[in-house]
Number of protein chains: 2
Amino acid sequence: MTEAKTDPRILRTRKLIMDSFIDLSSKKEFKDITIKDITTEAMINRATFYYHFMDIYDLLDKALTEVLLVNLNGKEYENSELNEETLISLFTAITDFQTSLSTRCHRGYEDTIARIIRDQLEVIFFRMLELQHPEEVEEGLKLSATMLSWGLYGASMEWRRSSDSVSPEEFIKTAIPYIQNGIGN
Amino acid sequence: MTEAKTDPRILRTRKLIMDSFIDLSSKKEFKDITIKDITTEAMINRATFYYHFMDIYDLLDKALTEVLLVNLNGKEYENSELNEETLISLFTAITDFQTSLSTRCHRGYEDTIARIIRDQLEVIFFRMLELQHPEEVEEGLKLSATMLSWGLYGASMEWRRSSDSVSPEEFIKTAIPYIQNGIGN
DNA sequence: ACGGAAATGTTGGATATCCAACACATCGGG
DNA sequence: CCCGATGTGTTGGATATCCAACATTTCCGT
């Protein structure tokens, strides 16, 4: 209900900046991308960049979040339950996202990426848990969501490390029983 | 030397509008494209459209000119002579342009398109003639350029009409001797 | 042929963006 | 070491763009 539509110029400019950044990321390493590069490509003034973002790390953060959200929104977790299907879907969304990033060059920013993934996962988990256990206190659900997000992210790291070419689906399925027994009714 | 750089916001907005229009043109007929459609796609306000263009016909005009210029600029006629090679190059540029337009739907606006092509050809011819005949009076060169532009455009119409699958190069080559004898020293 | 809906243009005041200039940090070469 | 060159952030005044509202025209269904 709290309307207050954001000015379309803001939406347009942010999109131009993010698109340019993502485009440049596929051509250069992150550390070689300068703010002038981005603003030139986006056809906006350098000062305007600072109107929207603190610095280039802020942009990296928000751009990756945006991309991850696009990856996740195709899946519609809004009103779904936390079950085997959604867990598999979430897990493959993460591994897809990381694979798509590996073609770009963000070496040295794994921590940022990890935090972004965990943050988004936590929000999704919390929504699902809230829906499934309306009687529980918020604090408990929050903590569960936190632990699940760390856990699923950790699993994705383990999947990448193992690299014995088992599919993400198969990989996460082996862990699901333990998760389910922990969170099941 | 007469600087007076145009504001980058203007360049950006015009580009957004033109790109959106060209994009929409490949999906709808011109007559079904509304100004709201364009401005929505371009993420700009409808009032801003009128800041840059008189109406949608003005946009059609300028957008086509832009596209044609892109077609022509790859060829670099700036300091070239008016000889067989450049004539062939110009002719194929025109036929390419018209072919690319035929996939879009501008039925009923052939006159506009024709005028745009002739206008641009005339400018190019005049520059070349000026370079090649510095001693001549401007009026004579202007008129020659006008006649050449009409002539070459007419040839392109004839080429489309005949459609006996002879290449544009071959087609125009048959006419070049007459042009050359007319304009040669 | 009528009436409502949608598209076209226009306007004045609000706001995002631009510019030029500045101070500061970083870096690589002589 | 120092210097010029390059990148980062910040600022105040100028300007392109937005918005909401309006009048007018075009279109389409009944």
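Computed from a predicted model, the values in this text were never measured in an experiment.

The rules behind the values
- Residues numbered from 1 in each chain as written.
- Chains lettered and ligands numbered in written order.
- Predicted model: local features only at pLDDT ≥ 70, side-chain atom pairs only at ≥ 80, totals over all residues.
- Heavy atoms only, no water.
- Axes fitted to C-alpha atoms, helices over the stretch in contact; angles between N-to-C directions.
- Helix = DSSP H or I, 4+ residues; strand = E, 2+ residues; numbered from the N terminus.
- Parallel < 35°, antiparallel > 145°, perpendicular 65-115°, else oblique.
- Left-handed = near helix turned anticlockwise from the far one by under 90°.
- Contact = heavy atoms within 4.5 Å.
- Nonpolar A, V, L, I, M, F, W, Y, C, P; charged D, E, K, R; others polar.
- Near = heavy atom within 4 Å.
- Polar contact = N/O pair within 3.5 Å; in protein donor to acceptor, adjacent residues only side chain to side chain.
- Buried area = accessible area lost by both parts, 1.4 Å probe.
- Salt bridge = Lys/Arg side-chain N within 4 Å of Asp/Glu carboxyl O.
- Least-squares fit on C-alpha atoms with pLDDT ≥ 70 in both.
- Buried < 20%, exposed > 50% of the residue type's maximum accessible area, 1.4 Å probe, protein only.
- Lys, Arg positive; Asp, Glu negative; His and termini not counted.

A. Region of interest: the packing of helix H5 (residues 84-103) of chain B against helix H7 (residues 138-162) of chain B. All names here are of chain B. In the contact formed by H5 and H7, the axes pass within 10 Å of each other and the chain directions differ by 55 degrees. Relative to H7, the element H5 lies oblique. Seen from above, H5 lies across H7 with right-handed handedness. Contacts between H5 and H7 involve Leu90, Phe91, Ile94, Thr95 and Gln98 from the first element and Leu152, Tyr153, Ala155, Ser156, Met157, Trp159 and Arg160 from the second. Tallied by class, residues from the contact of H5 with H7 come to eight nonpolar, three polar and one charged.

B. Geometry of the protein's contact with DNA strand C. Around DNA strand C sit 22 residues, and of these A:Thr13, A:Thr48, A:His52, B:Pro8 and B:Arg12 come closest. Backbone sugar and phosphate groups make up 69% of those atoms of DNA strand C lying within 4 Å of the protein. A distance of 2.2 Å is found between a phosphate oxygen of DNA strand C and a side-chain nitrogen or oxygen belonging to A:Thr13. A distance of 2.9 Å separates a base nitrogen of DNA strand C from a polar side-chain atom of B:Arg46.

C. Up close: the protein's contact with DNA strand D. The environment of DNA strand D is made up of 21 residues, and the closest members are A:Pro8, A:Arg12, B:Thr13, B:Thr48 and B:His52. Counting only the atoms of DNA strand D within 4 Å of the protein, the fraction contributed by sugar and phosphate is 71%. Between DNA strand D and B:Asn45, the relevant distance is 2.7 Å, taken from a phosphate oxygen to a main-chain nitrogen or oxygen of the residue. Residue B:Tyr51 places a side-chain N or O atom 3.1 Å away from a phosphate oxygen belonging to DNA strand D. Elements with a contribution of two residues or more to the surface near DNA strand D: helix H1 (8-25) and helix H3 (46-52) of chain A together with helix H1 (8-25) and helix H3 (46-52) of chain B. Among the elements that line the surface near DNA strand D, the one with the most residues is H3(B), at four residues.

D. A look at the interface of chain A and chain B. With six residues of chain A at the interface, the matching set in chain B holds six residues. Summing both partners gives a buried area of about 620 Å² for chain A against chain B, and 69% of it is carried by carbon and sulfur. When the area that chain A buries against chain B is broken down by residue, the three leading residues are A:Arg12, A:Leu16 and A:Met43, summing to 79%. On inspection of chain A and its partner chain B, the count reaches zero salt bridges. Counting across the interface, chain A meets chain B through two residue pairs in polar contact (both at pLDDT 80 or more).

E. A look at the relation of the copies chain A and chain B. For these two chains of identical sequence, chain A goes onto chain B by a turn of 179 degrees and a shift of 0.1 Å along the axis, with RMSD 0.1 Å. Expressed as an axis order, the relation between the two copies is that of a two-fold axis. Mapped onto chain B, 100% of the interface residues of chain A again fall at the interface, so both copies present the same surface.

F. Spatial organisation of the side chain of B:Arg12. Tracing the backbone through its elements, the reader meets B:Arg12 in helix H1. No salt bridge is formed by the buried B:Arg12, whose closest oppositely charged neighbour, B:Asp7, lies at an N-O distance of 6.5 Å. For B:Arg12, the residues in contact, after removing those within four places along its chain, are A:Arg12, A:Leu16, A:Met43 and A:Ile44.

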